[in-house]
Amino acid sequence: MLNTAVSIGSDSSRSLPHYSSFSRPAGPVSLQTAGRALCEAPGTPSGLQFDEEFLETKEQLQKLQDGNHLLFQQVPMVEIDGMKLVQTRSILHYIAEKHHLFGKDLKERTLIDMYVEGTLDLLELIIMHPFLKPDDQQKEVVNMAQKAIIRYFPVFEKVLREHGQRFLVGNQLSLADVILLQTILALEEKIPNILSAFPHLQEFTVKISNIPTIKKFLEPGSKKKPPPDDIYVRTVYNIFMP
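Presented here is an overview of the structure given in this document. Just so it is clear, the structure is predicted and the values come from calculations on it, not from any experiment. Numbers given to residues run from 1 along each chain, matching the order in which its sequence is written. Side-chain atom pairs in this predicted model are given and counted only at pLDDT of 80 or more, local residue features only at pLDDT of at least 70, and totals for whole chains, interfaces and linings cover all residues. Excluding hydrogens and water, the side-chain values take into account all heavy atoms of the structure.

## Some remarks on the nonpolar core
Core analysis: the biggest nonpolar cluster contains 44 residues, and Phe153, Leu168, Leu187 and Leu201 have the highest contact counts within it. Breaking this core down by element, the ones donating at least two residues are helix H4 (88-98), helix H5 (106-128), helix H6 (134-163), helix H7 (175-190) and helix H8 (199-209). Those residues in contact with Leu168 that sit more than four places away from it in its chain are Tyr115, Phe156, Val159, Leu160, His163, Ala176, Asp177, Leu180 and Phe204. Residues enter a nonpolar core if they are buried and are Ala, Val, Leu, Ile, Met, Phe, Trp, Tyr or Cys, with the set joined through side-chain atoms within 4.5 Å. Only protein chains enter the calculation, and the probe is 1.4 Å; a residue is then buried if its accessible area is under 20% of its type maximum, exposed if over 50%, and partly exposed in between. The next biggest cluster of nonpolar side chains, apart from the first, holds 11 residues, and it includes Leu64, Val233, Val236 and Phe240. Helix numbers and strand numbers start at the N terminus; a helix is a DSSP run of H or I with at least 4 residues, a strand a run of E with at least 2. Only heavy atoms matter for contacts: two residues are in contact if any of them lie within 4.5 Å across the pair.

Right, dumping it as structure tokens:
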């Protein structure tokens, strides 16, 4: 879980502050600090576009809490289809189900959920990395690499090899593919050769990245956020520190 300084008001390190706009435009809305958010991932393949506003101050968060906009007084929150969704897993599941990224039956949904949960354990380490002390950041890169190479990537390499499809589950794109791609790309920013021993994952990354809507999202000039910097870290601390 998060360290206390960052977890205040947030349900999980897996998606740092995320809420919706008050302006109620026609499409789905999210409000977040100016960083990466998990809710973007399942919407990307379908071309789902979020209208974004950014949390920048403690006062903005307090206004949302006082106005009863945040169930459990926490972010992330996404406003979509007349609902204000909170809790990261609930948001992911709703968007994935809505856009046919959650399998065709119970067995497929269970596999997708299992793969997503495993991948999120690794992605959580990446998300929290910028909030570590400078002396601990390089050590954590080594730890992330070891966990990816020893615990997580061999699982998905085996799944892809034995499944014989370009997707992790069934014969179509799912939330599991999207979250795994997101995690791989984030790791490659820190460790460019992280997939050197995993040929099936290399092929997977290329193929999923070239799905037209995902490719568009990954191109320069899209809404894809850059890696978190010191300004982002300070902003998050300023919002959530007591």
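## What to know about the pattern of salt bridges
What counts as a salt bridge is simple: a side-chain nitrogen of Lys or Arg found within 4 Å of a carboxyl oxygen of Asp or Glu. If you walk through the whole model with that rule in mind, you get 6 salt bridges. Here Lys104 makes a salt bridge to Asp105, at a shortest N to O gap of 4.0 Å. One salt-bridge network, in which partners are shared between bridges, spans Lys104, Asp105 and Glu108.

## Some points on the packing of H5 against H6
Helix packing geometry: the angle between the two helix axes and the distance between the axes. Note on geometry: axes are C-alpha line fits, over the in-contact stretch for helices, and angles between N-to-C directions span 0 to 180 degrees. Their axes nearest at 10 Å, the elements H5 and H6 cross at an angle of 165°. As far as their axial angle goes, H6 and H5 are roughly antiparallel. Between H5 and H6 lies a crossing of left-handed hand. Contacts between H5 and H6 involve Tyr115, Gly118, Thr119, Asp121, Leu122, Leu125 and Ile126 from the first element and Glu140, Asn143, Met144, Lys147, Ala148, Tyr152, Phe153, Phe156 and Val159 from the second. When residues are sorted by character, Ala, Val, Leu, Ile, Met, Phe, Trp, Tyr, Cys and Pro go into the nonpolar class, Asp, Glu, Lys and Arg into the charged class, and all the rest, Gly among them, into the polar class. Looking at the contact of H5 with H6 residue by residue, the class counts come to 10 nonpolar, 3 polar and 3 charged. For this classification, under 35 degrees means roughly parallel, over 145 means roughly antiparallel, 65 to 115 means roughly perpendicular, and everything else is oblique. By convention, the crossing between two helices is left-handed when the near helix turns anticlockwise from the far helix through less than a right angle, and right-handed when the turn is clockwise.

## Describing the pairing of strand S5 (residues 83-86)
One ladder, built from 4 bridges, connects strand S4 (residues 77-80) with S5; its direction is antiparallel. What sits directly across from Met77, in S5, is Val86. Pairing between strands requires that DSSP locate at least two bridges from one strand to the other. Between S4 and the antiparallel strand that follows it, S5, lie 2 residues; Asp81 among them carries a positive phi value of about 55°.

## Quick look at the packing of aromatic side chains
Stacked, tilted and edge-to-face pairs are distinguished by plane angle, under 30 degrees for stacked and over 60 for edge-to-face with tilted covering the rest, among Phe, Tyr and Trp rings (Trp via its six-membered ring) whose centres lie within 6.5 Å. One pass over the full model with this rule turns up 3 aromatic pairs. Both rings, one in Tyr115 and one in Phe156, keep their centres 5.8 Å apart while their planes meet at 80°; by these two values the pair is edge-to-face. Of this pair, Tyr115 sits in helix H5 while Phe156 sits in helix H6, and the two are 41 residues apart along the sequence. The pair Tyr115 / Phe156 is uniform in exposure class, with both members buried.

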